[in-house]
Each structure stands twice: as C-alpha cells, then as structure tokens.
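# Geometric and topological summary
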Amino acid sequence: MAESNNTPLPLQARRKPFVINANIGRVITRPYIPPTEARICNIINRVLDLDEDEAGTILDGIMHDFPNRHRYFRETLLRNFERVVSHVPDADKLSEQRRLLIGSYFTAEYSVEAAALFNPSMVQVKSEKTDPKGSCRFIMSFRAIGEGHISSIEFRSGFIDQNNDIYFDPLSNYVRTPKIHTDSSYNLELFHLKLKDLGVSKRISEWLLSDLPDQFTFNDLEDRITNHNNGYKIRARDKIVAIENAMWLARSNYEVLFRPDHQISERVIFPRSDSEKRGIEDARFVRFVDDDGTVIYYATYTAYSGETILPQLIKTTDFLSFKIDTLYGKQVHGKGMALFPRKIAGKYAMLSRQDGENNFIMFSDDVHFWQHAKKLQAPAFPHEFFQIGNGGSPIETPEGWLVITHGVGPMRTYSLGIELLDLDDPTRIISRIDEPILTPNEHDREGYVPNVVYSCGAMIFQDELIIPYASADQRCGIATLQVTDVMAKLENCRL
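To keep things clear, this report deals only with the structure shown in the data block. (Residues numbered from 1 in each chain as written. Predicted model: local features only at pLDDT ≥ 70, side-chain atom pairs only at ≥ 80, totals over all residues. Heavy atoms only, no water.)

## Thoughts on the overall build of the protein
Check the secondary structure of the protein and you find nine helices and 29 strands. Taken over C-alpha atoms, the radius of gyration comes to 25 Å for the protein, in line with the 23 Å a tight globule of 495 residues would show. On the principal axes, the C-alpha backbone points of the protein span a range of 95 × 60 × 45 Å. The buried share of the protein, taken over its 495 residues, is 55%. Contacts spanning at least 24 positions in sequence make up 63% of the contacts within the protein whose residues lie at least 6 apart. The average position of the 57 basic charges and that of the 68 acidic charges among the side chains of the protein differ by 3 Å. (Helix = DSSP H or I, 4+ residues; strand = E, 2+ residues; numbered from the N terminus. Rg over C-alpha atoms; globule rule 2.2 N^0.38 Å. Buried < 20%, exposed > 50% of the residue type's maximum accessible area, 1.4 Å probe, protein only. Contact = heavy atoms within 4.5 Å. Lys, Arg positive; Asp, Glu negative; His and termini not counted. Charge placed at Lys NZ, Arg CZ, Asp CG, Glu CD.)

## A look at the nonpolar core
Side chains of nonpolar character tend, in soluble globular proteins, to be buried together. If you look at the biggest cluster of nonpolar residues, it comprises 23 residues, and the most contacted ones within it are Leu-402, Ile-418 and Leu-465. For this core, the secondary-structure elements that each account for two or more residues are strand E23 (400-408), strand E24 (414-421), strand E28 (464-471), strand E29 (475-482) and helix H9 (483-492). The element that contributes the greatest number of residues to this core is H9, accounting for four residues. With residues near it in sequence (within four places) discarded, Ile-418 still touches Leu-402, Val-403, Ile-404, Thr-405, Arg-432, Ile-433, Ile-437, Leu-465, Leu-481, Val-486 and Leu-490. Counting residues in each nonpolar core, the second largest holds 22 residues, with Ile-280, Ala-299, Tyr-301 and Phe-319 among its members. (Core = buried A, V, L, I, M, F, W, Y, C linked by side-chain atoms within 4.5 Å.)

## Some details on helix H3 (residues 73-84)
The terminal C-alpha atoms of H3, which comprises twelve residues, lie 18 Å apart, in line with the 16 Å expected from a rise of 1.5 Å per residue. Among the residues making up H3, those that are buried are Phe-73, Thr-76, Leu-77, Asn-80, Phe-81 and Val-84. One side of H3 carries all its buried residues, which in axial view fall inside an arc of 140°. Tucked into the core, H3 has its buried residues touching strand E2 (27-31), helix H1 (37-48), helix H2 (52-65), helix H4 (96-105) and strand E3 (107-111). (Expected span 1.5 Å × (residues − 1). Arc of directions from axis to C-beta.)

## Quick word on the packing of aromatic side chains
What the rule picks out here adds up to 19 aromatic pairs. Relative to Tyr-348, the ring of Phe-288 lies with its centre 5.5 Å away and its plane at 25°, an arrangement referred to as stacked. Separated by 60 residues along the polypeptide, Phe-288 in strand E13 (residues 279-289) and Tyr-348 in strand E18 (residues 348-353) bring together distant segments of the chain. In this structure Phe-288 comes out as buried when scored by relative accessible area, which is 0%. Measuring from ring centre to ring centre gives 5.2 Å for Phe-340 and Trp-401, while their planes differ by 85°; the resulting arrangement is edge-to-face. With Phe-340 in the loop between strand E17 (335-339) and E18 and Trp-401 in strand E23, the pair connects residues that are 61 residues apart, well separated along the chain. Trp-401 carries the same exposure label as Phe-340, and that label is buried. Members of the aromatic cluster, each reached through a chain of ring pairs, are Phe-155, Phe-258, Phe-285, Tyr-297, Phe-319 and Phe-322. (Phe/Tyr/Trp six-rings, centres within 6.5 Å; stacked < 30°, edge-to-face > 60°.)

## Focus on the environment of Pro-31
When you line up the elements, Pro-31 lands in strand E2. Residue classification places Pro-31 among the partly exposed positions, given a relative accessible area of 40%. Pro-31 sits 345 residues away from Leu-376 along the chain, and the two C-alpha atoms are 45 Å apart.

## Description of the pairing of strand E5 (residues 136-145)
Note on strand geometry: in a regular strand, side chains alternate between the two faces of the sheet. With respect to burial, E5 is a largely interior element, ten of its ten residues being buried. Residue alternation in E5 divides its side chains into two sets, Cys-136, Phe-138, Met-140, Phe-142 and Ala-144 and Arg-137, Ile-139, Ser-141, Arg-143 and Ile-145, and both sets are buried. Sheet analysis places strand E4 (residues 116-125) next to E5, joined by eight bridges and oriented antiparallel. Note that in E5 the partner of Phe-118 across the bridge is Arg-143. Sheet topology places E5 next to strand E6 (residues 151-160); ten bridges connect them, and they run antiparallel. By the bridge assignment for E6, Phe-142 is matched with Glu-154. Between the end of E5 and the start of E6, which pair antiparallel, lie five residues, with Gly-148 showing a positive phi angle near 75°. (Pairing = 2+ DSSP bridges.)

## Digging into the packing of helix H7 (residues 218-226) against helix H8 (residues 236-251)
Interhelical geometry of H7 versus H8 gives an angle of 170° and a closest axis separation of 11 Å. With respect to their mutual orientation, H7 and H8 come out roughly antiparallel. Within the contact between the two elements, H7 uses Phe-218, Leu-221, Glu-222 and Ile-225 and H8 uses Ile-243, Ala-246, Met-247, Ala-250 and Arg-251. Tallied by class, the residues present in the contact of H7 with H8 amount to seven nonpolar, no polar and two charged. (Axes fitted to C-alpha atoms, helices over the stretch in contact; angles between N-to-C directions. Parallel < 35°, antiparallel > 145°, perpendicular 65-115°, else oblique. Nonpolar A, V, L, I, M, F, W, Y, C, P; charged D, E, K, R; others polar.)

None of this, on its own, says anything about what the molecule does.
This is how it looks when you write it as structure tokens:
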C-alpha cells in the first residue's frame, strides 16, 4: 500500500470570474496651450480673421461632435478661453460664439486609461440606505495610464452582499477632473523641514519664510517673496534657488474639489503640479480610524516629474474633496508606502521600501513627517529573491496585522504573499507563508508589463479576504481567500 502524502496543500487565492478592463472612450478635456506667447497670438488671430459664417460653421461641427462626450462642455471651452484672454484684442467685445471657438483651439481630449488600468486598492465606505441589508459598500482606486505614460487616479464603487457576491455600480460614460483650490494652507514647521530636505539651508529658509504665520497660504507665500527682506547678506543665486524650491513645494500641495453630482466613477485625479506632471503612481488607500473614532481615508502615492519622485499623501472624508500634501523626513524618499489603519501606541505607523529591495516599517507622531525607519524583513523565499514590498495597508485581525506582500522573482515575475505582524509590536513578524497566494497565470503574461500580479490594498468582509489585483499592469481582477484558511496556514508557518 502506498504511503499517503501529508504535505499540506499550498494556499491559493480564488480568482473571481470577471475582469475590469480599461475603456479608451473615457476622456477628459485638458488645456492645450502652446509654450510661447507668439504661437498663442497666432492661433487667436487666425480665428479672429474668420468671417462670422465660417466661424459659426466650425463651431457647429464642434458642438455636434463633442458635447455628448463631456459634461458642461460649453463651460469648459469658455474656461479655456479665459486662460488665453489676456492675448485677445478687445476681448470684451467678442461674441460668445467667438469665445467658444477660441476656447476650442486651446482644448484637447485625453483618454485617461487608453494604455492601462491597474494597481487597485479597495476600502470599505459607509453603506447607503439603498444598499441591501447586510451588505458592505466599497470604493476602489486604480492607476490609469494614457498617452505619454501619464498616470492618474480613477475610482469605481459597488457593494458586497450578505453572500459575499460583489456588484459594481454602473460605470459612467463621462470622466471629469476636479476644480483646484489653489489657496491651500501650509504648516510653517513642516515647510521648513521639507525645504531642508530639498537642500535649502536653515539660514536661507528662515530668511524666506520669516514673518509667516504657523499656518500660511499660497498667497501669503507669494506676498512674502514679492516683499522679501533684502537686508540679509545672501547670494542672489541662493535666493533664486530657495524661491524656486519653495514655489515648487507649495504647488505640490493643493486641494481638489469634485461636484457632488459627479458619480464616483466620473472622478479622476489628474496630475496638476510640476512634481507630478509625468504621473500619479500607485495610490494605496486606507480607511483610517483616529483615536476619537473619526474616519479619514488616506492614500500614499508617488508623484513623478519625469526625473524625480516625491512621496505624497491624499486625505479625504467623502471622496469629493481631496487634500494633497507632501510627506516630509529623510525616510520618505522611497516608493510603496502603506499606512496602518490606526495609530499604534499613540504613533502613526507605515510600511515602506526605502532601498527598492527590503520591507521597512516606520513610526511617527505626525502623519506627514517620517524621520526613522527600521528594516522589517529581507527577501527570504524564491518568489521574492529580487525584491519584497507591501501590497497595501495592513489589515487588523484578532490574531495580528495581516499584510499582503508582493515579491519579485525569476523573469521579473510579481506574486502576492501573506504574513502576520504582532498587533502591539508590528516590528515583530509572527508568521509568513513561504509560498505565494497568487501568481501570474497564462493570462497575466500578456499586457503592459508581462508576468505581474500586484495589489495596492485589500479588505476583509464576513471572514473573507478580498484582494483586488492588477494583471500584467493592464487590467484588474479580484481574488478571495477565507480568513480562517489563511490563519490556519499562518499558524503552521509561525516563525
């Protein structure tokens, strides 16, 4: 009689039978303004030289072809006309028809997810009264990529019913960018610290920011620069560099506001500052519960200018208003940061990857300032020999902090793993499963980046671990595991 094989079976996540694909028809409007004043004026003059009939015919064609693709299309054209109005002779005498036509020449469509839709995160939000009893409402974020490899943040919403079946809300055909609130507020102490990170000396920083209140606005900073104190003996070049860094930093901190009538799937956070002009990458959203019970949704992301990266923090309570702030401190130079969903022993905690290879953990009294990091773990298993990192924020369970990890193995294959950290001391790893729970299959070998499964944040509902994941950096799916099965496997793999 043959001996039975008692080797435990690997823990494998089950993929849901649906795919979230990019939709090339979802387009936003963007200003399309040439870099020189001469070209702007040339375009305007050509439009002004048209007779009324010809101008009307061209505008009629535009108003026939495009309004069904965008909400508030006329408003958009008039807003872009205002961007160049200073170059328009006798602008106050122009008809609305001519204003709309000029605005159309300085407007372009952009397909935000023409290339890919991937790297999702998932958070639970307050259920609406219309949702079925016992259900859980969620919002998912995605990294969307369009022309020129520019990344932005998009959203989808839905609910999970009492049977743990997942339903997505209808997808809007429209996509909208928000209004920008430019007069954002800045913390003086943190601003000093970030200028120091950027290489501005304490002496020059104090010269530049002197007399500003503890909380100052963008206008306050502009006024301070305009009326700066010339009595300091500071080289002109150092002043210029300090001012450039301060304005760059200020413009990297802002607030965006969506209209309440914009469905969640219509909202897209598109790069708007120089620090992120080449993309907003890999937002990791987390439902954070503060000490007083207040719920805040945070997300860390990487702003990419084309040359440098800047770790940023998003804060929202309603997914309508989003505050964008820069993260400060010498340990926020890396990528892939994931905030814990509550404070631990009175401190904020965050997973990170400072060196592109190992998993780190950080603690701070201030959610914006991260000065110290400790290596949590190095690659240990074959599927992560090249690199290990987090797959989103840790999830609290009675047994410990459940962490989805990502590992990079042979042929640059990205897989997902699981580990458990101590609730009171998350620098202590309780257990790690030595095999991945989700690996690329034959469908994940074709796409924007082959051989990748990746997640930016999972959640638990009714004893089920729900993991949204990207496939080949192209499209997304959802995989699930029973939490009891996960804990049983982790118990067998205790360190």
